[in-house]
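Residues per chain, in single letters:
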Amino acid sequence: MKIIHTADNHLGAPLIGLSPEKAKARSAELTQTFLRLLRFADKEGVEAIFLCGDLFDTPNPSLALLREVTDGIAACKAQVFFVTGNHDDGVAFPYTPANFHRFDQGAKSYRLGSVTVTGADYRYVQGDCLRGGILPAETCNFLLLHGDVRQSFSYGKGEIDLSALGQKNVDYLALGHIHGGTEPRRLGGRGTYRYCGCLEGHGFDECGEKGFVLIEVADGIRQTFLPFASRAYHEISVDVSGTESNPQRIEKILAKTENLPSKDGIKIRLKGSVALSSPVHLSSIQSALEERFFHVKTEDETRENIDFSRYEKERTVKGELVRLASRLPEEERARVLTIAFRALNGEELDV
Ligand SMILES: [Mn+2]
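Some points on the sheet that holds strand β15 (residues 233-239)
Next, step 1: With parallel pairing, 3 strands are arranged side by side in an open sheet as β15-β16-β18. A strand with exactly one partner marks an edge of an open sheet, and here the two such strands are β15 and β18 (295-300). Each adjacent strand pair in this sheet contributes to an overall mean axis angle of 15°, direction not counted.
Next, step 2: Sheet topology places β15 next to strand β16 (residues 265-271); 7 bridges connect them, and they run parallel. Bridge pairing links Y233 to G265 in β16.
Next, step 3: Running at roughly 155° to β18, helix α5 (residues 282-290) makes contact with β16 and β18 of the sheet.

Pasting the structure below:
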């Protein structure tokens, strides 16, 4: 039996740092990726899909979005199991497709052949979340939850007690909440637990490959992470020491990113030291990169390669600044003086 484990889709989330047109297009794309996952499930003969919380970004998504998602689930052949997360707890679907199953408090389990599926909405995530029960020893048991795992006794809201669940015959604890995802880790004597991560990155705090976990139940459980996002986000540091102009810096960045697809998002951190006579002009670098990539963010972390100590005895504003900054730790002093000297030269600042 094939099963899909996905979570943290955050459909309907506002997208930061994009133009209104691009944000709208990307938002529609995120929904399409989820619907594409449902079609993939049918094509691959997947029998169950686990939605482990934060399917929506809020408990009140637009009716149009709710309809699109619910209709997509209804059209899918797999049985779809849903628990809420901290973002969409309490969400109401416009209707309940025959193949759509919710757990609410987690008092009930569903049986699919030799597999038992159990879960609980976010508001009931606390401790072992099984309300004192234990899963049947003879079936392959999946538990769907959204929250933070704890290795020891834990009764905080949204906290999952792994030491208790290790005694409950859980074979696979399907988790949502950590968008970066994790490798499978051991749970008690017979199980594993895993965060699948989000299906698509929503910005530069969600860099790298995103996708879902494909589970195969035969003799035991096989699990594989499959990348599925329609575009990825990358964060790249580029040392621009030795460059003498912004076109040279742009060239250096483009060379370093030449293998990345233009549909992706890139965040560039400019590093190294540059001459005071050739300041970094971040907005021109930004707009040059925007012609190449879908989403661009640039940060200037360069330093002036000047010897501040030669200003120490000067009776000038720069001299005064160098004397004042001498109390700061060395790394901080270079940063502060770089910004101050650039400001005195009337340059664009990125602080
Ligand atoms: Mn989330």
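Overview of the environment of F100
Next, step 1: Summarising the element assignment, F100 is placed in strand β4 (residues 100-102).
Next, step 2: Here F100 falls in the partly exposed class, since 18 other C-beta atoms lie within 10 Å of it.
Next, step 3: Setting aside anything within four residues of it in sequence, one finds F100 in contact with I73, V80 and F82.

A look at helix α7 (residues 330-344)
Next, step 1: Helix length check: α7, at 15 residues, gives a terminal C-alpha distance of 21 Å against a target of 21 Å (1.5 Å per residue), a fit within 8%.
Next, step 2: Listing the buried residues of α7 in full gives L337, T338 and F341. For α7, the angular spread of buried residues about the axis comes to 110°, placing them on one side. Turned more than 90 degrees away from the buried face of α7, the exposed residues are E331 and E332.
Next, step 3: Along its buried surface, α7 packs onto β19 (303-304) and α6 (317-325).
Next, step 4: Immediately downstream of α7, the backbone of G346 shows phi near 75°, a positive value.

Some words on the sheet that holds strand β2 (residues 46-52)
Next, step 1: Strand order in the open sheet made by the 6 strands is β4-β3-β2-β1-β13-β14, with mixed pairing throughout. Whereas interior strands pair on both sides, the edge strands pair on one side only; in this sheet they are β4 and β14 (220-227). Averaged over all neighbouring strand pairs, the angle between strand axes comes to 20°, with direction disregarded.
Next, step 2: Here 4 bridges tie strand β1 (residues 2-6) to strand β13 (residues 211-218), and the two strands are oriented antiparallel to one another. Across the sheet, I3 pairs through a bridge with I215, a residue of β13.

A look at the nonpolar core
Next, step 1: Within the largest apolar cluster, 60 residues are counted, with the highest numbers of intra-cluster contacts made by F50, L145 and L173.
Next, step 2: Among the elements that line this core, the one with the most residues is β2, at 6 residues.
Next, step 3: Among all residues touching F50, those that are not within four sequence positions of it are I3, I4, H5, F81, F142, L144 and A174.

So, the domain arrangement of the chain
Next, step 1: Splitting the chain by domain gives domain 1 (2-227), domain 2 (231-304) and domain 3 (306-351).
Next, step 2: Using only C-alpha atoms to locate each centre, domain 1 and domain 3 end up separated by 52 Å.

Here we look at the pairing of strand β3 (residues 79-83)
Next, step 1: By the criterion of burial, β3 is predominantly enclosed, with 4 of the 5 residues buried.
Next, step 2: Taken together, the 5 bridges between β2 and β3 define a ladder with parallel strand orientation. Its bridge partner being in β3, L51 is matched across the sheet by F82.
Next, step 3: A crossover connection joins β2 to the parallel β3 through helix α2 (residues 63-74); in handedness this β-α-β unit is right-handed.

Side note on the packing of helix α1 (residues 20-43) against α2
Packed helix pairs are characterised by how far apart their axes lie and by the angle those axes make with each other.
Next, step 1: As a packed pair, α1 and α2 sit with axes 9 Å apart at the nearest point and diverge in direction by 10°. Overall, the two elements α1 and α2 adopt an arrangement that is roughly parallel. Counting all contacts with α1, which are made through T31, F34, L35 and L38, the residues of α2 involved are L65, E68, V69, G72 and I73.
Next, step 2: Residue composition of the contact of α1 with α2, grouped by class: 6 nonpolar, 2 polar and 1 charged.

Focus: the environment of Q126
Next, step 1: With respect to the helices, strands and loops of the structure, Q126 is situated in the loop between β6 (115-119) and β7 (140-146).
Next, step 2: It is 50 Å that separates the C-alpha atoms of Q126 and A255, two residues lying 129 residues apart in sequence.
Next, step 3: Setting aside residues no more than four positions away along its own chain, Q126 makes contact with Y155, K157 and E159.

With respect to the packing of helix α4 (residues 246-256) against α5
Next, step 1: One way to put it is that α4 packs onto α5 with a least axis distance of 10 Å and a crossing angle of 40°. By the angle between their axes, α4 is oblique relative to α5. Crossing handedness for the pair α4 and α5: right-handed. Contacts between α4 and α5 involve N246, R249, I250 and I253 from the former and S284, I285, A288 and L289 from the latter.
Next, step 2: Broken down by class, the residue content of the contact of α4 with α5 amounts to 5 nonpolar, 2 polar and 1 charged.

The rules behind these values
Residues numbered from 1 in each chain as written. Predicted model: local features only at pLDDT ≥ 70, side-chain atom pairs only at ≥ 80, totals over all residues. Pairing = 2+ DSSP bridges. Helix = DSSP H or I, 4+ residues; strand = E, 2+ residues; numbered from the N terminus. Axes fitted to C-alpha atoms, helices over the stretch in contact; angles between N-to-C directions. Contact = placed C-beta atoms within 7 Å. Buried ≥ 20, exposed ≤ 12 C-beta atoms within 10 Å, placed from the backbone. Expected span 1.5 Å × (residues − 1). Arc of directions from axis to C-beta. Core = buried A, V, L, I, M, F, W, Y, C linked by C-beta atoms within 7 Å. Domains from an automatic or database assignment. Right-handed = clockwise from strand over helix to strand, strands pointing away. Parallel < 35°, antiparallel > 145°, perpendicular 65-115°, else oblique. Nonpolar A, V, L, I, M, F, W, Y, C, P; charged D, E, K, R; others polar. Left-handed = near helix turned anticlockwise from the far one by under 90°.

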